[in-house]
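Chain by chain, the residues:
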Amino acid sequence: MPPETVSVIVPVRNGAASLPNCLRALTQQTRPPDEIIVVDDGSGDDSAAVARQFTGVTVLAQPPAGPAAARNRGAASAGSDILLFTDADCIPAPDWVAQMIAPFAGPEVAGARGVYRSRQPQLTARFVQQEYQDRYDRLAGLSRIDFVDTYSAGYRRDLFLAAGGFDARFPSASVEDQELSFRLAAQGCRLVFAPNAVVEHQHNRTLGRYARRKFNIGYWKARLLRRHPAKAGRDSHTPQRLKVQLGLAALAGGLLALGGLGRRPRLVGGGLLAGLALLLTEFPFYLKLFRRDRPVLLIAPVLVVVRAAALALGLALGTLRFWLLTDETDRH
């Protein structure tokens, strides 16, 4: 049987500054991809021109429609057996392609997920990396997963196309990758974790950017859960304690607001206790930080509260929109 062919698809919008590092890394792989496809999603900068400077890179262009639609466009054009996805702001390790396709030696494997790494000095970025590492610890012991992120993702092309690809109703980078992996897992497809398939990334460096990203995830998660309500209970990526934290964040915020407006100290005290309970639920993560990156402990409690509050607010507003104000067609 001939070796399977591999296409790498990179969506980009206004990524001219970071794209060269991504493409340079892809063209220097120990196992070169059979084709590299860059899909320019309506950039206002020179992203497409930058991509065309690299020999062997195919550039497609479309009006701005979001990364989900851009990836689908690349997948439809690809001619290989395996589709690999990464982002324009990622730098794949030299053996990334080889590590990503290794699980596909098993014919039962439909998809695979790699990992982020970062060498940033900023504490917020280091916290984000440790968040991801905590999730990777969960995935490492699983023979199959249901949560694949597109910064380092691979799928069999025939299964990807048969499933309809990514849901292009997600207009920005949010949870469109989760939705596809949930859908494939529900169909019985085996998805696996590839811990040695590494891409380097620049995580959020400031508290404000981190909070906005978490809010965006929470907001669009409401649409995802409308289609996959069972995933509100459990998935292979999300710690159960995070779901408890969302409830505690909502409780703390509500009690503090009511107590402050009504000048009711007991409600304020209840809100503070809920906030303290929220912080304590993350104790296992603090232990990991103590072993892996102790300086991050200095800001971890603040970021834990910000994360829970931003996710909870985004989820609440998204639920209002997608569950109460959107017509029934969004359920399908």
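First, a word on what this report is: a plain description of the structure on this page. (Residues numbered from 1 in each chain as written. Predicted model: local features only at pLDDT ≥ 70, side-chain atom pairs only at ≥ 80, totals over all residues. Heavy atoms only, no water.)

### Topic: the packing of helix 7 (residues 176-186) against helix 8 (residues 207-227)
Logical step 1: It is at 10 Å that the axes of helix 7 and helix 8 come closest, and there the two elements cross at 15°. Judged by the inter-axis angle, helix 7 sits roughly parallel to helix 8. In this structure, the crossing between helix 7 and helix 8 has a hand that is right-handed. Contact residues: Q178, E179, F182 and R183 in helix 7; K221, L224 and R227 in helix 8.
Logical step 2: Considering only residue class, the contact of helix 7 with helix 8 consists of two nonpolar, one polar and four charged. (Axes fitted to C-alpha atoms, helices over the stretch in contact; angles between N-to-C directions. Helix = DSSP H or I, 4+ residues; strand = E, 2+ residues; numbered from the N terminus. Parallel < 35°, antiparallel > 145°, perpendicular 65-115°, else oblique. Left-handed = near helix turned anticlockwise from the far one by under 90°. Contact = heavy atoms within 4.5 Å. Nonpolar A, V, L, I, M, F, W, Y, C, P; charged D, E, K, R; others polar.)

### Section: the environment of V296
Logical step 1: Turning to its location among the elements, V296 is positioned in the loop between helix 11 (283-292) and helix 12 (300-324).
Logical step 2: Judged by its relative accessible area of 0%, V296 falls in the buried class.
Logical step 3: Discounting residues that sit within four places of it in the chain, V296 has contacts with L123, R126, F127 and L289. (Buried < 20%, exposed > 50% of the residue type's maximum accessible area, 1.4 Å probe, protein only.)

### Observations concerning the pairing of strand 1 (residues 6-12)
Logical step 1: Burial within strand 1 is extensive, with seven of its seven residues counted as buried.
Logical step 2: Side chains V6, V8, V10 and V12 project from strand 1 onto one buried face, and the interleaved S7, I9 and P11 project onto a second face that is buried too.
Logical step 3: Here strand 1 pairs with strand 4 (residues 82-85) via four bridges, running parallel. By the bridge assignment, I9 is partnered in strand 4 with F85.
Logical step 4: Pairing between strand 1 and strand 2 (residues 35-41): six bridges, direction parallel. Counterpart to I9 in the pairing with strand 2 is I37. (Pairing = 2+ DSSP bridges.)

### Quick word on the sheet that holds strand 3 (residues 57-62)
Logical step 1: Spatial strand order, 3-2-1-4-7-6-8-5: eight strands in an open sheet with mixed pairing. Each having just a single partner strand, strand 3 and strand 5 (90-92) make up the two edges of the open sheet. Adjacent strand axes in the sheet meet at a mean angle of 30°, parallel and antiparallel pairs treated alike.
Logical step 2: As judged from the three bridges shared by strand 5 and strand 8 (residues 190-201), these two strands associate in the antiparallel manner. Opposite C90, over in strand 8, you have H201 as the bridge partner.
Logical step 3: Sheet strands touched by helix 7: strand 7 (153-156) and strand 8. Its angle to strand 7, the strand with the most contacts, is close to 40°.

### Observations regarding the side chain of T150
Logical step 1: Within the secondary structure layout, T150 lies in the loop between helix 5 (123-140) and strand 7.
Logical step 2: By relative accessible area, which is 3% here, T150 ends up buried.
Logical step 3: A polar contact of 3.0 Å, which involves the side chain of T150, links it to the side chain of R71.
Logical step 4: Setting aside chain neighbours within four positions, we find T150 in contact with R71, F85, T86, D87, F166, E176 and D177. (Polar contact = N/O pair within 3.5 Å; in protein donor to acceptor, adjacent residues only side chain to side chain.)

### As for the pattern of salt bridges
Logical step 1: Overall, the coordinates contain 23 salt bridges when judged by the stated rule.
Logical step 2: For D134, the salt bridge is made with R241, and the minimal N-O distance between the two is 2.7 Å. With D134 in helix 5 and R241 in helix 9 (residues 240-262), this residue pair connects regions lying 107 residues apart in the sequence.
Logical step 3: One salt-bridge network, in which partners are shared between bridges, spans E131, D134, R135, D137, K214, R241, E282, K288, R292 and R307. (Salt bridge = Lys/Arg side-chain N within 4 Å of Asp/Glu carboxyl O.)

### Points about unusual backbone geometry
Outside of glycine, negative phi angles account for most residues, and trans bonds account for most peptide bonds.
Logical step 1: The phi dihedral of N14 falls on the positive side, at around 55°, and the residue is not glycine.
Logical step 2: Locating N14 in the fold gives a position in the loop between strand 1 and helix 1 (19-26).
Logical step 3: A relative accessible area of 45% means that N14 is categorised as partly exposed.

### Overview of the nonpolar core
Logical step 1: Counting 78 residues, the largest nonpolar core has L19, L84, W96 and Y155 as its most contacted members.
Logical step 2: At seven residues, strand 8 tops the list of elements feeding residues into this core.
Logical step 3: Apart from the residues lying within four places of it in its own chain, the contact partners of L84 are V6, S7, V8, I9, W96, V97, M100, I101, A153 and G154.
Logical step 4: By size, the runner-up hydrophobic cluster in this structure holds 15 residues, among which are I217, A222, L242 and L311. (Core = buried A, V, L, I, M, F, W, Y, C linked by side-chain atoms within 4.5 Å.)

### Some details on helix 5
Logical step 1: Relative to the 26 Å expected for 18 residues at 1.5 Å per residue, helix 5 spans 25 Å between its end C-alpha atoms, a close match to the ideal helical length.
Logical step 2: Of all 18 residues in helix 5, 13 are buried, a share of seventy percent or more. (Expected span 1.5 Å × (residues − 1).)

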